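An overview of the molecular structure
These are the residues of each chain, in order.
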Amino acid sequence: MNAIALSGLAKRYGDTWAVRDLSLVAPTGSFVSLLGPSGCGKTTTLRLIGGFETPERGEIVIAGIRANDVPPWRRGLGIVFQSYALFPFMTVFDNVAFGLRRQGRTDGLARRVAEMLDLVGLGALAARYPRQLSGGQQQRVALARALAIEPSVLLLDEPLSNLDAKLRAEMRLELKRIQRQTGVTTILVTHDQEEALTLSDEIVIMNAGVVVASGAPRRIWAHPGHEFVAGFLGVENLLPATVLDSTHVRVDGGDATLALAPDAAARAGGRVVVGIRSADIAVLPRGSAGQELPNRIDGTVRESGYRGAVSSFQIATPLAGRPLLATGSQEWPVGADVTVHLPPASLMRLAPTAAP
């Protein structure tokens, strides 16, 4: 059974469609992330599920029941907002107990609150107030409050965005542990591709109010299929090109020809975008061995940046004047003459994606 099923959902603000004909399902117990840039409609979708917005058309089904006309407090949802929305005048205990008391569930309330605080690692802080907590601890209180009412679905609206990088990375793993332990169906809104990849069973990528692509993290990472999806999932190098045959393309704006893995569906004259991640580009000394390698292109290091385990390099090449971004453990000074190798197996054929 699907915990959430959206069909043909649409929402408009004035003349602007925030969500257009959106359909998706979240199976019971799954973790689904809505990923996309600001303004793509992901938070509006979450608010439609939660009942805080009314759709122009389409259907919202929660646990098998049509919920379009069901008020938010009767949808059985737990919600964690970006701002956490804790009551400053209440203790941690009372914040977590708030939803239970609203539902009149006073029997076993203290035990339930204690269980939730232990689950999020805050059992010893029940008597504190939000102002006495760190940002990460406040986030955990908000999560415990949402879970205390035993929701059928947990909605998370960028709950980690206010945390620093180190704490955000820690909380990703904590959130994943808690979701697996509780088994609650979870829908996360995020613009952070690493967060979505780490947490999700399925990622739904949105742009301009529509679903552009969806799939399991490993599949969508390896086969993004579209220029927009690839760019949003961190494919740094995107080169518009024309198909020559099933194994070759010519990059726009120059005479550079690239060999790709064979594709029987490729049609000469067709338009594609060739994508490759920076880590897949090999940077070699100019004139080094390996002349037989395909897709060897001479270039010059234009910028270099130290990133700890690796360095990043911006390399000027004849590819239509487009610099390539490469990363690697070897240091290359600015101005170094190098040769880059783009392995055919690492080059992606992507459909050019115009804004919807």
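Data block above holds the structure.
Overview of the structure. In this text, all values refer to a predicted model and were calculated from it rather than measured experimentally.

Looking at the overall build of the protein chain
In terms of helices and strands, the protein chain carries eight helices and 20 strands. With respect to the principal axes defined by its C-alpha atoms, the protein chain has extents near 75 × 45 × 35 Å. In the protein chain, buried positions account for 47% of the 356 residues. The contacts of the protein chain with a sequence gap of at least 6 include a subset with a gap of at least 24, amounting to 65%. Entry remark: accessible area of the protein chain is about 16,400 Å², with carbon and sulfur atoms responsible for 51%.

Focus: the layout of surface pockets
Volume-wise, the largest pocket comes out at about 630 Å³. Lining the largest pocket are 18 residues, with Trp73, Leu77, Phe98, Gly99 and Ile149 positioned closest to its centre. At the level of secondary structure, the elements contributing two or more residues to the lining of the largest pocket comprise β6 (77-80), α2 (92-102) and α4 (135-148). Residue composition of the lining of the largest pocket, grouped by class: eleven nonpolar, five polar and two charged. For the second largest pocket, the lining is made up of 13 residues, of which Trp221, Ala222, His223, Pro224 and Met348 are closest to its centre. Among the secondary structure elements, those contributing two or more residues to the lining of the second largest pocket are α7 (217-222) and β20 (348-350). Top element by residues in the lining of the second largest pocket is β20. It accounts for three residues. Counted by class, the lining of the second largest pocket contains seven nonpolar, three polar and three charged residues.

Thoughts on the pairing of strand β19 (residues 337-341)
A large share of β19 lies buried, amounting to four of its five residues. In this sheet, β19 lies alongside strand β15 (residues 282-285) in antiparallel orientation, the contact comprising four bridges. Among the inter-strand pairings, Leu284 is bridged to a residue of β19, identified as Thr339. Pairing of strand β16 (residues 296-306) with β19, which is carried by five bridges, proceeds in the antiparallel orientation. Note that in β19 the partner of Ile297 across the bridge is Val340.

Things to note about the sheet that holds strand β10 (residues 210-215)
Read from one edge of the open sheet, six strands run β6-β7-β8-β3-β9-β10, paired in mixed fashion. The open sheet has two free edges, formed respectively by β6 and β10, since each of these has just one partner strand. Geometrically, the sheet is characterised by an average inter-axis angle of 20° between neighbouring strands, direction not taken into account. Relative to strand β9 (residues 202-207), strand β3 (residues 31-35) is paired through four bridges, and the arrangement is parallel. For Ser33, the partnering residue across the bridge sits in β9 and is Ile203.

What counts, and at which threshold
In every chain, residue numbers begin from 1 and rise along the written sequence. Given that this is a predicted model, residues contribute local features only at a pLDDT of at least 70 and side-chain atom pairs are listed and counted only at 80 or more, while totals for whole chains, interfaces and linings are drawn from all residues. The side-chain quantities take in all heavy atoms of the structure and omit both hydrogens and water. Labels follow the DSSP assignment, with helices taken as runs of H or I lasting at least four residues and strands as runs of E lasting at least two, numbered in each case from the N terminus. Here the term buried applies to any residue with accessible area under 20% of the maximum for its type, exposed to any over 50%, and partly exposed to those in between, with areas from a 1.4 Å probe on protein chains only. When checking whether two residues touch, look at their non-hydrogen atoms; a contact exists if any pair is within 4.5 Å. The Shrake-Rupley method, run with a 1.4 Å probe, gives the accessible areas here. Residue values count only the displayed protein chains as cover. In this analysis a 1.4 Å probe is tested at points of a 1 Å grid over the protein atoms alone, and where it fits but cannot get out there is a cavity; an open set with protein on both sides within 12 Å along at least five of seven lines is a pocket; lining residues have an atom within 4 Å of a point. Grid points are joined across faces, edges and corners, and a volume is the space filled by probe spheres set on the points. The residue classification treats Ala, Val, Leu, Ile, Met, Phe, Trp, Tyr, Cys and Pro as nonpolar and Asp, Glu, Lys and Arg as charged. All others, Gly included, are polar. In short, DSSP must find at least two bridges between two strands for them to pair. Here the axes come from fitting lines to C-alpha atoms, over the contacting stretch only for helices, and the angles between their N-to-C directions go from 0 to 180 degrees.

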